[in-house]
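Examination of the molecular architecture
Residues per chain, in single letters:
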Amino acid sequence: QVQLVESGGGLVQAGGSLRLSCVASGIPLNMGAMGWFRQAPGKERELVGAIDLDSKTYYADSVKGRFTVSRENAKNTMYLQLSSLEVEDTAVYYCAGRRSNVIDDRPGHYGYWGLGTQVTVSS
């Protein structure tokens, strides 16, 4: 079965950087579009950035210019480079994937999920 495992979360100061990784494994993989969602306490889960098999990307307005999504298809790995971090970026970050290669901002359209990794930005 398909599994997604995130890593790289932690505590950083505002203005700092962090890189998250997500490794997909299992069969059948058939992974298409992948994305990073985040959820802060009391808030809905939101798509931060996503990337398809052709490296077409999507970013939420709140992170454009600060975060970068990338993937290495041969390694079944997706990354999220977080830069110029702000306190408001504090959340649990989840890796998600779907068989379709169409990027979607709705969590319900992604069938595969990691358990999440905590990113805490301090002032």
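Below is a summary of the structure that appears in this document. As the structure is a computational prediction, the values presented were derived from the model and not from experiment.

1. Concerning the pairing of strand 3 (residues 18–25)
- Relative to strand 3, strand 1 (residues 3–7) runs antiparallel, the two sharing 5 bridges. Bridge pairing links Leu-4 to Ala-24 in strand 3.
- In this structure, strand 3 lies alongside strand 8 (residues 77–82), joined through 6 bridges in antiparallel fashion. The residue of strand 8 that forms the bridge with Leu-18 is Leu-82.

2. Overview of the sheet that holds strand 3
- Spatially, the 4 strands line up as an open sheet ordered 1-3-8-7, and their pairing is antiparallel. One side of each edge strand has no neighbouring strand; the edge strands of this open sheet are strand 1 and strand 7 (67–72). Taken pair by pair, the neighbouring strands of this sheet meet at an average axis angle of 15°, ignoring direction.

3. A short note on the pattern of salt bridges
- A complete count under the given rule lists 7 salt bridges for this structure.
- We note a salt bridge from Asp-61 to Lys-64, for which the minimum N-O separation is 3.2 Å. Assigned by exposure class, Asp-61 and Lys-64 land together as exposed.
- Residues joined by salt bridges that share partners form a network here, namely Arg-38, Glu-46, Arg-66, Glu-86 and Asp-89.

Rules used in this analysis
Residues numbered from 1 in each chain as written. Predicted model: local features only at pLDDT ≥ 70, side-chain atom pairs only at ≥ 80, totals over all residues. Heavy atoms only, no water. Pairing = 2+ DSSP bridges. Helix = DSSP H or I, 4+ residues; strand = E, 2+ residues; numbered from the N terminus. Axes fitted to C-alpha atoms, helices over the stretch in contact; angles between N-to-C directions. Salt bridge = Lys/Arg side-chain N within 4 Å of Asp/Glu carboxyl O. Buried < 20%, exposed > 50% of the residue type's maximum accessible area, 1.4 Å probe, protein only.

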